[in-house]
Amino acid sequence: MAATAATAPDGQGPGAEAVRAAHARLLHDKALQFDFSTLTPPPEPHVPGWLKAIQHFIADVLTAIFPALQVLFWIGLALIVGAIVLLIVREMAGVRFARRRRAKAARVQPADWRPEAWKAKALLEDADRLADEGRFDEAVHLILYRSIDDIEGRRPRTVRPALTARDIARLEALPGA
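Quick summary incoming for the structure in this document. The shown structure was predicted, so the numbers you read here are calculated from the model rather than taken from an experiment.

Thresholds applied
- Residues numbered from 1 in each chain as written.
- Predicted model: local features only at pLDDT ≥ 70, side-chain atom pairs only at ≥ 80, totals over all residues.
- Heavy atoms only, no water.
- Helix = DSSP H or I, 4+ residues; strand = E, 2+ residues; numbered from the N terminus.
- Buried < 20%, exposed > 50% of the residue type's maximum accessible area, 1.4 Å probe, protein only.
- Contact = heavy atoms within 4.5 Å.
- Areas by Shrake-Rupley, 256 points an atom, 1.4 Å probe, with all protein chains shown as cover.
- Axes fitted to C-alpha atoms, helices over the stretch in contact; angles between N-to-C directions.
- Parallel < 35°, antiparallel > 145°, perpendicular 65-115°, else oblique.
- Left-handed = near helix turned anticlockwise from the far one by under 90°.
- Salt bridge = Lys/Arg side-chain N within 4 Å of Asp/Glu carboxyl O.
- Expected span 1.5 Å × (residues − 1).
- Arc of directions from axis to C-beta.
- Core = buried A, V, L, I, M, F, W, Y, C linked by side-chain atoms within 4.5 Å.

Quick word on the overall build of the chain
Helix and strand counts for the chain come out as five helices and zero strands. Listed by position from the N terminus, the elements making up the chain come as α-α-α-α-α. Split into buried and exposed, the 177 residues of the chain put 9% on the buried side. Considering only contacts within the chain whose residues lie at least 6 apart along the sequence, 30% involve residues at least 24 apart. For the chain, the computed accessible surface area is about 16100 Å², with 64% contributed by carbon and sulfur atoms.

Let's talk about the packing of helix H3 (residues 117-132) against helix H4 (residues 136-154)
Relative orientation of the contacting elements H3 and H4 amounts to 160 degrees, with a least axis distance of 7 Å. Looking at the two axes, H3 sits roughly antiparallel to H4. As H3 packs across H4, the resulting crossing turns out to be right-handed. The residues of H4 that touch H3, namely those facing Ala122, Leu123, Asp126, Ala127, Leu130 and Ala131, are Phe136, Glu138, Ala139, Leu142, Ile143 and Arg146.

Considering the pattern of salt bridges
Within the structure shown, the criterion is met by eight salt bridges. For the salt bridge of Glu17 with Arg20, the shortest nitrogen-to-oxygen distance reads 2.6 Å. Remark: Arg20 and Glu17 occur in helix H1 (residues 16-27); sequence separation between them is three residues, near one turn of the helix. Like Arg20, Glu17 is exposed. Across the pair Arg129 and Asp126 runs a salt bridge whose closest N-O atoms are separated by 3.9 Å. Remark: Asp126 and Arg129 occur in helix H3; sequence separation between them is three residues, near one turn of the helix. By relative accessible area, which is 23% here, Asp126 ends up partly exposed. Several salt bridges share partner residues, and in doing so they unite Asp126, Arg129 and Arg146 into one network.

Some points on unusual backbone geometry
Phi is positive for Arg157, which is not a glycine, with a value near 60 degrees. For Arg157, the location among the structural elements is in the loop between H4 and helix H5 (165-169).

Overview of H3
Spanning 16 residues, H3 covers 22 Å between terminal C-alpha atoms, matching the ideal 22 Å at 1.5 Å per step. Along H3, the positions that sit buried rather than exposed are Leu123, Ala127 and Leu130. Taken down its axis, H3 places every buried residue within 60 degrees of arc, on the same side. With respect to the buried face of H3, the exposed residues turned more than 90 degrees away are Ala117, Trp118, Lys121 and Asp132.

Regarding the nonpolar core
One finds Trp113, Ile148, Ile151, Val159, Leu163, Ile168, Leu171 and Leu174 forming the largest nonpolar core, which totals eight residues. Setting aside residues up to four positions removed in sequence, Leu163 forms contacts with Thr158, Ile168 and Leu171. Counting residues in hydrophobic clusters, the runner-up holds five residues, among them Leu123, Ala127, Ala139 and Leu142.

Worth remembering: the numbers are spatial, not functional.
This is the structure:
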């Protein structure tokens, strides 16, 4: 197969003559503009003098504090990298920064929280009388209110008005029994 003038002798694309001819056709094409000397650049916008003064002032301030900003940047970057390394090492080692746990002080409990026998007997008699009359809600409320009064006598300001019976039972100030 013979090589034509349009292709290179090794058959890999256009030859040098074909490239020169295409370039010449491109330069003589009037639809494309290659000479920009006739164009005039647009005029510079008018900037008031006070705005230029502010611009120079800001530039001077930033130039003056730039070294300090560089130092702050590198310190901040070092702190961030250090924190990341610390978190990674802490996770890899499985070490947790345990909060100092205060030893819980043993609760001081009164020797005996049982009411006097005569008070308990009077309370149960009143509750039984109400229950015999069919007023069970009032009987339960009587026991609850007298128990709260007893708690207030032993531990003032422990029971708050908004607490329910379950909340009162869970108070740490009261003995478990």
